[in-house]
Amino acid sequence: MCHFEKKAREVLGRCDVLEKLLAFEKDFLGKKGDLTSFLKELKSLSAEDKKKIGPKLQSIRTELTQVLYLKKTAFESEALEKQLQSDWIDVTKAYNLQNGNIHPVALLQRRIETIFTSMGFEVADGPEVETEWNNFDALNIPSTHPARDMQDTFWIGSDASDSKHNVVLRTHTSNIQIRSMLRDGAPVRIIVPGRVYRNEAVDMTHDATFYQVEGLLVDKGISLAHLKGTIETMLQRLFEKKIKIRFRPGYFPFVEPGLEVDIWFEFIDKSGRKRSRWLEFMGAGMVHPNVLKNCDVDPDVYSGFAFGFGLTRLAMLRYGIDDIRLLFSHKKEFLTQF
Ligand code: PHE
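In this report, we go over the structure that sits alongside the text. (Residues numbered from 1 in each chain as written. Predicted model: local features only at pLDDT ≥ 70, side-chain atom pairs only at ≥ 80, totals over all residues. Heavy atoms only, no water.)

### A look at the site of the ligand
Alright, step 1. In the vicinity of the ligand, 15 residues are found, and the nearest of them are H172, S174, R198, Q212 and G308.
Alright, step 2. One of the side-chain N or O atoms of H172 is found 3.0 Å from a nitrogen atom in the ligand.
Alright, step 3. Compared with its free state, where it exposes 330 Å², the ligand has 92% of that area covered by protein.
Alright, step 4. More than half of the atoms belonging to the ligand lie within 2 Å of the grid points that define the largest pocket. (Near = heavy atom within 4 Å. Polar contact = N/O pair within 3.5 Å; in protein donor to acceptor, adjacent residues only side chain to side chain. Areas by Shrake-Rupley, 256 points an atom, 1.4 Å probe, with all protein chains shown as cover. 1 Å grid on protein atoms, 1.4 Å probe; cavity = no way out; pocket = protein on both sides within 12 Å on 5 of 7 lines; lining within 4 Å. Sits in = over half its atoms within 2 Å of the grid points.)

Laid out in structure tokens, this is it:
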């Protein structure tokens, strides 16, 4: 039996592949294996010998079975690992995957949001399908007002007798001035990047859908100086250099005084020459007292400024895009440039 034990250990030690291990299992531990026949022979031994040899055989059996099990699982996982390696395929190769990138308008929107939030503005949003009242009346633009002709409007429903029930696609982001003040009152400090719609004939510089950024700051003692400083700061950070601006009188019914803000724009023309000129950039002004009243804000206590500019147009300026239609053309060659 000593001999058997020694031999079993030796053979087991030499099992370096699964097949040998299985053969060992059969020869030594199997139904007709050596150890099994030893155990069978126990019957014919004297009670005294049984006591001596029986437990010894059992413990050899337990030990061999354990080692066998450990080796077997090690071989099996090794084999599985090998198979996984050889079976592995790169499923992504089936597609010609490419990294996406951020649309130039979205890119600029994020930069503008970063700049304004760092100055304590919140980013506000609201519906693009809006009541006539929020889009026009509350902004001091009554239905008879010629200013409505400035913004060709898509009407969704205009049959209701009162403007709170007529519905339009918002023509500007100024509707959020109203929504924001009606909800939160004053003081308020928001920017509103968003999509707006106008019934325009589409050409190189006009689209029926475009993006604007509205700004509104209402608090005690706010003046045009705050507006100027805010715009200059934004432009400086956006263009990474100081940008000269100028104010001209402009007319928007919801501001008084109303302004057009021009920027001194430097660019390289098609022939490679450095050029510069004044460029109309945004509408702005001090929030009209009627607008504050419409939003239950007391114009004797509060004053504020508002501005609005075309985000789409700014993206065109910032990235030198000369045809607005390219921006929403879904042309990959165009979009991957940014
Ligand atoms: N809402 C105006 C437009 O779309 C822009 C504007 C906003 C002007 C705020 C003044 C103040 O043209």
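### Let's talk about the pairing of strand β8 (residues 255-268)
Alright, step 1. Sheet topology places strand β7 (residues 245-249) next to β8; 5 bridges connect them, and they run antiparallel. Its bridge partner being in β8, R246 is matched across the sheet by D262.
Alright, step 2. Bridge analysis of β8 against strand β9 (residues 274-287) gives 12 bridges, and the strand direction is antiparallel. By the bridge assignment, I268 is partnered in β9 with K274.
Alright, step 3. The hairpin formed by β8 and β9 contains 5 residues between the paired strands, and G272 there has a positive phi angle of roughly 90°. (Pairing = 2+ DSSP bridges. Helix = DSSP H or I, 4+ residues; strand = E, 2+ residues; numbered from the N terminus.)

### With respect to the sheet that holds strand β6 (residues 209-219)
Alright, step 1. An order of β1-β5-β6-β10-β9-β8-β7 is seen for the 7 strands of this open sheet, with the pairing classed as mixed. Two strands close off the open sheet at either side, each with one partner strand: β1 (122-123) and β7.
Alright, step 2. Contacts from helix α5 (residues 104-118) reach β1, β5 (188-197), β6 and β10 (303-310) within the one sheet, and its direction differs from that of β5 by about 170°.
Alright, step 3. Relative to the sheet, helix α7 (residues 175-184) contacts β5, β6 and β10, its axis offset from that of β5 by approximately 140°. (Contact = heavy atoms within 4.5 Å. Axes fitted to C-alpha atoms, helices over the stretch in contact; angles between N-to-C directions.)

### Describing the environment of F328
Alright, step 1. Assignment of secondary structure puts F328 in the loop between α11 (324-327) and α12 (332-335).
Alright, step 2. In the structure, F328 is positioned 161 residues away from V167 in sequence and 26 Å away in space, judged by C-alpha atoms.
Alright, step 3. If sequence neighbours within four positions are ignored, F328 has contacts with H103, V105, D207, Y211 and T312.

### Quick word on the side chain of D323
Alright, step 1. Here D323 lies in the loop between α10 (311-319) and α11.
Alright, step 2. Using a relative accessible area of 15% as the deciding quantity, one classes D323 as buried.
Alright, step 3. One polar contact links D323 to R325, side chain to side chain, over a distance of 2.9 Å.
Alright, step 4. Every residue in contact with D323, bar those within four places of it in the chain, is listed here: D203, M204 and M316. (Buried < 20%, exposed > 50% of the residue type's maximum accessible area, 1.4 Å probe, protein only.)

### Some thoughts on the pattern of salt bridges
Alright, step 1. In this structure the tally under the stated criterion is 19 salt bridges.
Alright, step 2. The partner of R14 in a salt bridge is E10, and the shortest N-O contact between them spans 3.8 Å. Of the two residues, R14 and E10 both sit in helix α1 (residues 2-14), 4 residues apart, roughly one turn of that helix.
Alright, step 3. Ionic pairing is found between R111 and E240, a salt bridge with its closest N-O pair at 3.9 Å. Residue R111 is located in helix α5, and its partner E240 is located in the loop between α8 (224-239) and β7; the two are separated by 129 residues in the primary sequence.
Alright, step 4. You can call R111 partly exposed: its relative accessible area is 27%.
Alright, step 5. Salt bridges sharing partners connect three or more residues here, namely E5, R9, K56 and E63. (Salt bridge = Lys/Arg side-chain N within 4 Å of Asp/Glu carboxyl O.)

### Focus: the packing of α5 against α8
In a pair of packed helices, the angle between the axes and the distance between the axes together describe the arrangement.
Alright, step 1. Close contact between α5 and α8 brings their axes to 10 Å; oriented N to C, the two are set at 130°. Between α5 and α8, the angle is such that the two are oblique. The handedness of the crossing between α5 and α8 comes out as right-handed. Residue-level inspection shows L108, R111, I112, I115, F116 and S118 of α5 in contact with α8, the latter providing T230, M234, R237 and L238.
Alright, step 2. Its residues assigned to classes, the contact of α5 with α8 shows 6 nonpolar, 2 polar and 2 charged. (Parallel < 35°, antiparallel > 145°, perpendicular 65-115°, else oblique. Left-handed = near helix turned anticlockwise from the far one by under 90°. Nonpolar A, V, L, I, M, F, W, Y, C, P; charged D, E, K, R; others polar.)

### What to know about helix α4 (residues 47-87)
Alright, step 1. Taking 1.5 Å per residue as the helical rise, α4 with its 41 residues ought to reach 60 Å, and the 58 Å between its terminal C-alpha atoms agrees with that figure.
Alright, step 2. In the structure, α4 departs most strongly from a straight axis at I53, where the bend amounts to approximately 25° and where the proline P55 lies between one and four residues downstream. (Expected span 1.5 Å × (residues − 1). Bend = angle between axes of the 7 residues up to and from the residue.)

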